[in-house]
Amino acid sequence: MKRIYIVHCWDGTKEDGWYPWLDKKISNNDNGVIRFNMPNTANPKIEEWVCELDKQVSQLDENTYFVGHSIGCQTILRYLVKANAKKVGGILFVAPWLDLLPEAVSDEESYNIAQPWINTSIDFEKVRSVTNKITCIFSDNDYFVSLEQERIFKELLHAKTLIVKDKGHISADDGIKELDEIYNELCEIINDKVNDYDKFAEKRHYEVTNGMKKSLRFVEKPMMISMLPNLEGKRILMLGCGTAEESELLSKYNPKKITGIDISEKSIAVARESYPNCDFYVGDMLKLPFKDNDFDFIFSSLAISHVEDKNRVFKELYRVLDNGGQLLFSVGHPIRFATEKIGYNNSSYHVIGFEAGNDGNHVLGNYMSHTKQVNYFKDNEVLEEFIAPPSYFFEILMKNNFIVENFKESRCIDECKEVDEAYYNRFHELPQFMAFLAKK
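Predicted model, so just to flag it, every value in this text is computed and none were measured.

K.L.:
For this particular structure, what's the right way to read the overall build of the chain?
P.N.:
Along the backbone of the chain there are 15 helices and 19 strands. Along the longest, intermediate and shortest principal axes, the C-alpha atoms of the chain span 85 × 55 × 40 Å. The buried share among the 440 residues of the chain stands at 52%. Intrachain contacts of the chain at a sequence separation of at least 6 include 71% that bridge at least 24 residues. Element-wise, carbon and sulfur atoms account for 46% of the exposed surface of the chain, whose accessible area totals about 21,200 Å². Looking at the chain, you have 53 positive and 69 negative side-chain charges, and the mean spots of the two groups are 6 Å apart.

This is the structure:
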C-alpha cells in the first residue's frame, strides 16, 4: 500500500481546508492517507515539527509520499534530509516558501517565528536524490508567497510547477475546501502509468457488461446505435476495441465477419475468451496489420481520442476501408472534457466562457484547441486523451478524402432518469460525446 502523509500549515490542523477532502478522495485499497496535528501549531519550531513527522512516518521507501502545505512543505524537506532518506515515491507541495512577503511577517511575533525557517539552510541536492517526482502548486494572488518562489523551487528542486488563479494562500482562510489541481497532481505522482489499459481490462469488462458505466449505457451507446448503417454481410473492424463488448451488439446485424484490434494485450485476451466467434489482434491504430481495402465498416468507440496524431489514424483507416466503406467513431465532446472547473457559492461548476467586461482576459476552457486532457478516477486509473472541437474532425476527415454522412452530439436517454436523475439532467441538455459517420 502507498502511504501518503499530509503535513498542514502554520496555525492549522489536520481538519482544515482541503486536507479532509483530499484524504477522502484519494484513499482506497491502494492508498492510505495519514493526517495528524503538529505540536505548538501557532508557534511552529523546526525541531518540533520535524521530530513529529519522524514519529508519524512508519516506513520510508518508494511507497511513501508527502503532501505539504505552506510551512508543512519546509517540514517535509528538512525531515527528508535529517532522516537520510534513500528513496520516496514523490512529493506534492502546495503554496511552498523559503521566504515570505513582508505582509506575512509584519508583526514582531510572526517575524520571529519565521526567521529560523527562512534562514536555516536545506540540502536541496539531498532532497532531489530521493525522488524525481516533485510538484509545487502556487497561486497567482498569494498574499504570503511571491511568485518568485515558483522559479526558486523549480530551480532548486527541479520541480514541476503549476500556478492556479485567485486561490490566495490555498488555505481554509481563503475558503479552499477542495481543489482539483491538488488531487490531479497527486494522482499523477502516485500513479506509475497513464493509460494502463492492461491493469483495468477485467474491471472495465465487468462494469460495461453489467451496465455500470452510465456514460456508455445511457449516452454514448444509444448515440452510436442510432447512427449504424446497414451491416448485413459486411466485414467489420472494431478499432481500439478494448475488451470488445460491442461484438455482441454488432453481431446482431448479421455481418460477414467481425475483427477487433487494441493496443492492450490483456484487453484482447479478455475479448478472445468472451467473444470466440470474432477475430482479435493486438496492434496500434497508427500502423494497422491489415491489407488495403480489407473492411467494409469500421466502428470505434471513444478510442481515437487517446491518440494525438489523428491525421495518421485517419490515413490508416482510409487505407484499410474498401471503396464505399464507412467509418463510425465517437470521441469526447469539448463541452464536457475541455471545461475549466470553478467554485461558486460552495458549489463546483464546469465552465467554458470568458470574463465579462472590456478589460476581461480570463478565458475558461479550451473549446477550439486540440488539447491534452488527463482524467483521474477513484480506482486510480489515469487516462490521457486529446480533445478537439467538431470542426477539427470535419477538417481532418475531409483532408483524408472522407465524405461526412452524419454527425451527432450525444444526449442522455430518458431511461437514465429512473436510475440517476441528476446525471440525466446534466447530460440530457449538455453533450458528453460526439460521433461521425464518414464514407470512403
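Text resumes after the structure shown.
K.L.:
Just to check I follow, could you spell out the side chain of E385 for this structure?
P.N.:
Structurally, the position occupied by E385 is in strand β17 (residues 382-387). Look at E385: it is buried, it has no salt bridge, and the nearest opposite charge is R336 at 8.1 Å. Contact partners of E385, with chain neighbours within four places excluded, come to S305, H306, F337, T371, K372, Q373 and N375.

K.L.:
Would you mind going over the environment of N119 with me for this structure?
P.N.:
On the secondary structure map, N119 appears in helix α4 (residues 108-119). Judged by its relative accessible area of 56%, N119 falls in the exposed class. Residues N119 and L98, spaced 21 residues apart in sequence, show a C-alpha to C-alpha distance of 8.6 Å.

K.L.:
Teacher, can you tell me more about the sheet that holds strand β11 (residues 321-332) here?
P.N.:
Adjacent strands of a sheet pair through backbone hydrogen bonds, lying either parallel or antiparallel. An order of β9-β8-β7-β10-β11-β19-β18 is seen for the 7 strands of this open sheet, with the pairing classed as mixed. In this open sheet, the two strands that pair with only one neighbour each are β9 (279-282) and β18 (403-409). Each adjacent strand pair in this sheet contributes to an overall mean axis angle of 15 degrees, direction not counted. Note that strand β7 (residues 235-239) and strand β10 (residues 295-301) share 3 bridges and pair parallel.

K.L.:
Sorry if this is basic, but what is going on with the nonpolar core here?
P.N.:
For soluble globular proteins, nonpolar side chains are generally found buried alongside one another. Of all hydrophobic cores here, the largest spans 41 residues; its most connected members are L53, F66, L80, F93 and L157. When residues of this core are traced back to their parent elements, those giving at least two are β1 (2-7), α2 (46-56), α3 (71-82), β4 (90-94), α4, α5 (124-130), β5 (134-139) and α6 (148-157). By residue number, the principal contributor to this core is α3, which donates 6 residues. Leaving out residues up to four positions away in the same chain, L80 has contacts with L60, F66, A85, V88, I91, K126, V127 and V130. One finds I268, C278, I387 and F433 within the second-largest nonpolar core, a separate group that totals 34 residues.

K.L.:
Just to check I follow, could you spell out the sheet that holds strand β3 (residues 64-69) for this structure?
P.N.:
Judged by pairing direction, the sheet is parallel, and its 6 strands sit side by side in the order β2-β1-β3-β4-β5-β6 without closing on themselves. Of all strands in the sheet, those with a lone pairing partner are β2 (31-35) and β6 (160-164), marking the two edges. Ignoring which end each strand starts from, the neighbouring axes of this sheet average 15 degrees apart. One ladder, built from 5 bridges, connects β1 with β3; its direction is parallel. Within β3, the residue paired with I4 across the bridge is Y65. Contacting β1, β2, β3, β4, β5 and β6, helix α7 (residues 180-190) crosses the sheet at an angle of about 165 degrees to β4.

K.L.:
I keep staring at the pairing of β9 and nothing clicks. Help me out?
P.N.:
Along a regular strand, successive side chains alternate from one face of the sheet to the other. Examined bridge by bridge, strand β8 (residues 257-262) and β9 share 4 bridges and lie parallel to one another. If you follow D262 over to β9, its bridge partner there is V282.

K.L.:
How do you make sense of the packing of aromatic side chains when you look at a structure like this?
P.N.:
We describe a pair of aromatic rings using the distance from one ring centre to the other and the angle between the two ring planes. Applying the stated criterion to the full structure yields 22 aromatic pairs. One aromatic cluster in this structure is built from F314, Y318, F329, Y392, F393, F394, F402, F407 and F436. The lysine or arginine in question, K25, covers the ring of Y183, its NZ or CZ lying 4.6 Å from the ring centre. Looking at R336, its charged tip hangs above the ring of F337, at a distance of 4.9 Å from the centre.

Quick notes on the rules
- Residues numbered from 1 in each chain as written.
- Predicted model: local features only at pLDDT ≥ 70, side-chain atom pairs only at ≥ 80, totals over all residues.
- Heavy atoms only, no water.
- Helix = DSSP H or I, 4+ residues; strand = E, 2+ residues; numbered from the N terminus.
- Buried < 20%, exposed > 50% of the residue type's maximum accessible area, 1.4 Å probe, protein only.
- Contact = heavy atoms within 4.5 Å.
- Areas by Shrake-Rupley, 256 points an atom, 1.4 Å probe, with all protein chains shown as cover.
- Lys, Arg positive; Asp, Glu negative; His and termini not counted.
- Charge placed at Lys NZ, Arg CZ, Asp CG, Glu CD.
- Salt bridge = Lys/Arg side-chain N within 4 Å of Asp/Glu carboxyl O.
- Pairing = 2+ DSSP bridges.
- Axes fitted to C-alpha atoms, helices over the stretch in contact; angles between N-to-C directions.
- Core = buried A, V, L, I, M, F, W, Y, C linked by side-chain atoms within 4.5 Å.
- Phe/Tyr/Trp six-rings, centres within 6.5 Å; stacked < 30°, edge-to-face > 60°.
- Lys NZ or Arg CZ within 6 Å of the ring centre and 35° of its normal.

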